[in-house]
Amino acid sequence: MSMNVLNRELGICPICHQGHIIKTNKDYVCTCRLNKSTSHGHCKFSLSHHTHGVYITDDLVKQLVTSGKTSLLTMQERQGLTYEGRFVITHEGNIGIETKRTAIDGKCPDCGSAIVQTKYGYACLNSLLPDPKCKFIIPKFICNRYIKENEASAFVSGKQEILDGFLNKKGTFFSAYLTRNSSGSIVLSSVVGHCPECGGDILVGAKAFNCSNYKQGCTFKIWRHYYGHHLSLQEIKELLQNKQTLNPIVGYTEDARIVELQFKLGIDDQIQVVSYK
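Note that the structure is a prediction, hence the values are computed from the model and not measured.

A. Representation of the overall build of the protein chain in the model. Helices and strands together make up the secondary structure of the protein chain, namely five helices and 26 strands. Relative to its length of 277 residues, the protein chain is extended, with a C-alpha radius of gyration of 27 Å against a globular reference of 19 Å. Burial status across the protein chain gives 39% buried among its 277 residues. Once local pairs closer than 6 in sequence are excluded, the contacts in the protein chain between residues at least 24 apart make up 29%. Accessible area for the protein chain stands at about 16300 Å²; split by element, carbon and sulfur atoms hold 49% of it. Charge-centre separation for the protein chain: the mean point of 32 positive side chains lies 7 Å from the mean point of 24 negative side chains.

Listed below in structure tokens is the structure:
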């Protein structure tokens, strides 16, 4: 009995406003939920001792009971992704999670609104309204890889970047960049252009850009690094489309001098690195 009295100090249930919140060996729960015979026997208040990466304490439960929300907490997704959020009592009478909305650099490419970090990705603020006005979102986890904030910012700012470390269903790592399909959803692509020798697709790999027809004998290849410079997606596309890069590229000599370079496709489509003029 003394244990019941102690547990009832956690407060009156904020959902049914009838039962008391008590601590059991597995969760914090409303007494009405435990007593199905009461008129409030369908109360939904139940909070496990450990959920969403958070160890629930009496103090957190008291916050939820008295103010309808907890303080901001470091939470964790199933894949291990951490984020800031809090437990809240929703208008529907459930225990929900409210994530902290932090804006990233860049605007929604569809409606121009702010892009904020959410539990699941980088979403347009207008997509989070009760009546969503936009659907744009960049998932935070794609092909077993997290999309970082700076990578999402670069994409919405129109600066596509080659990203490494994706893992396909066969267990093979691959490189790709973010793009959008015909319905506007974010997808991955490894195609950066067409092979100047056979017309096949040029695919970005971990160390080089290779022709998709390599199994049929095409040997065309462009390394991803030259003179200490990492070829960007824009630069490799320029090189394949125009036979040369259009702007000076900063590189480094063996004696650490900084030089301005230009990449060209020469005779027999061999890569040439020359001084930019």
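From this point, the discussion proceeds with the structure in view.
B. Region of the structure containing the nonpolar core. Ranked by internal contacts, the top residues of the largest apolar core, which has 22 residues, are Ile21 and Phe45. Counting residues per element, the ones that place at least two in this core are β2 (27-30), α3 (58-67), β6 (73-76) and β7 (82-89). Beyond its immediate stretch of four places on either side in the chain, Phe45 contacts Cys13, Pro14, Ile15, Ile21, Tyr28, Val29, Cys30, Arg33, Val61, Leu64, Ile89 and Ile95. Ranked by size, the runner-up nonpolar core spans 20 residues in total, among them Ile162, Val204, Cys218 and Ile222.

C. How the structure looks around the pattern of salt bridges. As enumerated under the stated definition, the model contains seven salt bridges in all. Linking Arg224 and Asp164 is a salt bridge whose minimum nitrogen-to-oxygen distance equals 2.8 Å. Of this pair, Arg224 sits in the loop between β21 (221-223) and β22 (225-226) while Asp164 sits in strand β15 (residues 162-167); the two residues are 60 residues apart in sequence, bridging distant segments of the chain. Among the residues examined, Arg224 registers a relative accessible area of 1% and is labelled buried.

D. How the structure looks around the side chain of Lys140. Following the sequence through the fold, Lys140 ends up in the loop between β12 (137-139) and β13 (141-142). Buried charge Lys140 goes without a salt bridge, the closest partner of opposite sign being Glu149 at 7.9 Å. There is a polar contact of 3.2 Å between the side chain of Lys140 and the backbone oxygen of Thr118. Filtering out sequence-adjacent residues up to four positions away, Lys140 remains in contact with Leu81, Gln117, Thr118, Lys119, Tyr120, Gly121, Tyr122, Arg145, Tyr146 and Ile147.

Rules used throughout
- Residues numbered from 1 in each chain as written.
- Predicted model: local features only at pLDDT ≥ 70, side-chain atom pairs only at ≥ 80, totals over all residues.
- Heavy atoms only, no water.
- Helix = DSSP H or I, 4+ residues; strand = E, 2+ residues; numbered from the N terminus.
- Rg over C-alpha atoms; globule rule 2.2 N^0.38 Å.
- Buried < 20%, exposed > 50% of the residue type's maximum accessible area, 1.4 Å probe, protein only.
- Contact = heavy atoms within 4.5 Å.
- Areas by Shrake-Rupley, 256 points an atom, 1.4 Å probe, with all protein chains shown as cover.
- Lys, Arg positive; Asp, Glu negative; His and termini not counted.
- Charge placed at Lys NZ, Arg CZ, Asp CG, Glu CD.
- Core = buried A, V, L, I, M, F, W, Y, C linked by side-chain atoms within 4.5 Å.
- Salt bridge = Lys/Arg side-chain N within 4 Å of Asp/Glu carboxyl O.
- Polar contact = N/O pair within 3.5 Å; in protein donor to acceptor, adjacent residues only side chain to side chain.

Geometry only, nothing functional implied.
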